[in-house]
Amino acid sequence: MSSESQPRRIVVGVDRSSVARVAREHAARRVGAGGRVIVAHVVTPTSDAMSRAVSGLEEERDAAARELVDRLAGAYAAQRAYGGGRVIAVHAFQPAPDWLGTPYYQRALDAYQSHGRELLRSLEERNDLGVELATSLLEGPPARAIVAAADARDADEIVIGSRGFGRVRGVLGSVSHAVLHEAERPVVVIPADAV
Amino acid sequence: MTERLLIAVGEAAGGTDELPAGVRALIDSADEILVIAPRLPGRLDWISSDTDRATADERLAALLGQLDEAGRPASGRIGADDPMLAFEDAVREFRPNHLLIALRAADRAGWQERGLLEGLLERFGLALTVFEIRV
């Protein structure tokens, strides 16, 4: 039953919350030498954020780029520490529901797709990361994107924070709740103070 | 830091060789393991369709034996009928770092609907791994 030294594929769902960082660190500790950390970066923009995206405000893009790089930095460091491996950045987004049916919906969607591609391209072009990097852009509900990222790569497990993803639903955030319900592989839920 | 793993087991007692890799790694990395078999009465009955203590004892003994054969000796007990109470007792005495819960597919939704997973997170603040047993 020994498997401690075997490399593993772990999907970690992250957003901008601090508990996502804790989940990411937990995943990095468990991935093993030569393993893969698949960082699923999920974004659920508010109506205001979508308005800014449609307006093409640069600061919104810059803030999102900084956020994504920050979220991935820990995974890079962990992979180097474990002697290689691969980081796969999955950027997923879901337009604000109240934009559905509005004249600007498609425009907002296009803006976010373009934005996501730019983010991932900027990551791919960096040469100071020290790890092999692949990227993937998904659209849809965050939980489904996280589960899809895990299914596509036959991940060993999914790691998520218990109070992540902004819209809190009790102790277990709504996205975490949905991932637990939908995933067909082990799900590790990490409270903020558990690591 | 000593890693103490609390395993809540039901149908998983049949075969640790078929556990997912991540779960096996979690077991392998634990310094101490306690296995409990809480019972969930009614339609969400967790161990099986019955709550017979002898059956629960057999399941628990089977998993403990397999863990022992794999070089992962563990202690175990049958938990209280109230799963939260069973966890409370075990956490208080064993002080685990991580909870590992095996659920049948049909039970996973039930556990979430009843807020048991949230209850565990809220009450104990411990990392929690949930995986599905296919039976």
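Criteria and thresholds
- Residues numbered from 1 in each chain as written.
- Chains lettered and ligands numbered in written order.
- Predicted model: local features only at pLDDT ≥ 70, side-chain atom pairs only at ≥ 80, totals over all residues.
- Helix = DSSP H or I, 4+ residues; strand = E, 2+ residues; numbered from the N terminus.
- Buried ≥ 20, exposed ≤ 12 C-beta atoms within 10 Å, placed from the backbone.
- Contact = placed C-beta atoms within 7 Å.
- pLDDT = per-residue confidence, 0-100.
- Core = buried A, V, L, I, M, F, W, Y, C linked by C-beta atoms within 7 Å.
- Axes fitted to C-alpha atoms, helices over the stretch in contact; angles between N-to-C directions.
- Parallel < 35°, antiparallel > 145°, perpendicular 65-115°, else oblique.
- Left-handed = near helix turned anticlockwise from the far one by under 90°.
- Nonpolar A, V, L, I, M, F, W, Y, C, P; charged D, E, K, R; others polar.

Enquirer: Even after reading the chapter, I still don't get the overall build of chain B, so can you show me in this structure?
Expert: Along its length, chain B carries five helices and five strands. Reading chain B from its N end, one meets helices and strands in the order β-α-β-α-β-α-β-α-α-β. With 135 residues in all, chain B has 45% of them scored as buried. Of all intrachain contacts in chain B linking residues separated by at least 6 positions in sequence, the fraction that spans at least 24 positions is 77%.

Enquirer: Got a minute to help me understand the overall build of chain A in this structure?
Expert: Across its full length, chain A carries six helices and six strands. Each helix (α) and strand (β) of chain A, taken in turn from the N terminus, gives the series β-α-β-α-α-β-α-β-α-β-α-β. For chain A, buried positions account for 47% of its 195 residues. Within chain A, counting contacts between residues at least 6 apart in sequence, those at least 24 apart form 77% of the total.

Enquirer: When you look at unusual backbone geometry in this model, what are you seeing that I'm missing?
Expert: Despite not being glycine, D154 of chain A shows a phi value in the positive range, around 50°. Structurally, D154 of chain A can be placed in the loop between α5 (142-152) and β5 (157-161). Assessed through the 8 C-beta atoms surrounding it within 10 Å, D154 of chain A is described here as exposed. One non-glycine residue with positive phi stands out, namely R95 of chain B, at about 50°. Assignment of secondary structure puts R95 of chain B in the loop between α3 (83-94) and β4 (98-104). A count of 13 C-beta atoms within 10 Å places R95 of chain B in the partly exposed class.

Enquirer: I would appreciate a short explanation of the pairing of strand β1 (residues 9-14) of chain A in the present structure.
Expert: Each regular strand shows side chains that alternate between the opposite faces of the sheet. Across the six residues of β1 of chain A, six count as buried, placing the element largely inside the fold. On β1 of chain A, burial covers both faces: R9, V11 and G13 of chain A on one face and I10, V12 and V14 of chain A on the other are all buried.

Enquirer: Would you take a moment to explain the confidence of the model for chain A for this structure?
Expert: Residues shown with low pLDDT carry predicted positions that ought not to be read at fine detail. Residues and elements named next belong to chain A. Averaged over all residues, the pLDDT of chain A is 71; the fraction at 70 or higher stands at 59%. Across chain A, element-level confidence peaks in strand β6 (residues 187-190) with a mean pLDDT of 90 and bottoms out in helix α3 (residues 58-81) with 59. Of the regions scoring below 50 in pLDDT, residues 164-169 engages in 24 contacts with residues more than four places distant in sequence or in other chains.

Enquirer: Looking at this model, I keep getting lost on the nonpolar core. Mind explaining?
Expert: Among the nonpolar cores identified, the biggest contains 82 residues, and A40, I146 and V179 of chain A are the most heavily contacted of them. A40 of chain A has contacts with V11, V12, G13, V14, V90, A92, A145, I146 and A149 of chain A, leaving out every residue within four places of it along the chain.

Enquirer: Would you take a moment to explain the packing of α3 of chain B against helix α5 (residues 116-124) of chain B for this structure?
Expert: Each pair of packed helices gets described by two things: the angle between the helix axes and the distance between those axes. Residues and elements named next belong to chain B. For the pair α3 and α5, interaxial distance at closest approach is 11 Å and the crossing angle is 30°. Between α3 and α5, the angle is such that the two are roughly parallel. Once α3 is placed against α5, the crossing between them reads as right-handed. Along the contact surface, α3 presents P83, M84, F87 and V91, while α5 presents L116, G119, L120 and F124. The class makeup of the residues in the contact of α3 with α5 is seven nonpolar, one polar and no charged.

Enquirer: When you look at the environment of L5 of chain B in this model, what are you seeing that I'm missing?
Expert: Residues and elements named next belong to chain B. As for its position among the elements, L5 is in strand β1 (residues 4-8). When the C-alpha atoms of L5 and L99 are compared, they prove to be 6.1 Å apart, with 94 residues separating the residues in sequence. With near-sequence residues (within four places) excluded, L5 lies in contact with L26, I27, A30, I33, P96, H98 and L100.

Enquirer: Before we go on, may I ask you to explain the confidence of the model for chain B in this structure?
Expert: All names here are of chain B. Confidence in the prediction for chain B averages 76 pLDDT; 69% of positions are at 70 or higher. When pLDDT is averaged over each helix and strand of chain B, the minimum, 60, is found for helix α4 (residues 105-113) and the maximum, 91, for β1. Note that residues 12-16 has pLDDT below 50 and, in this model, 13 contacts with residues that lie over four places away or in other chains. Scored below 50 in pLDDT, residues 41-49 shows 17 contacts in the model against residues more than four places distant or in partner chains.

Enquirer: Just to check I follow, could you spell out the environment of P97 of chain A for this structure?
Expert: Mapping P97 of chain A onto the fold places it in the loop between β3 (86-93) and α4 (105-124). For the pair P97 of chain A and R153 of chain A, spaced 56 residues apart in sequence, the C-alpha separation works out to 29 Å.

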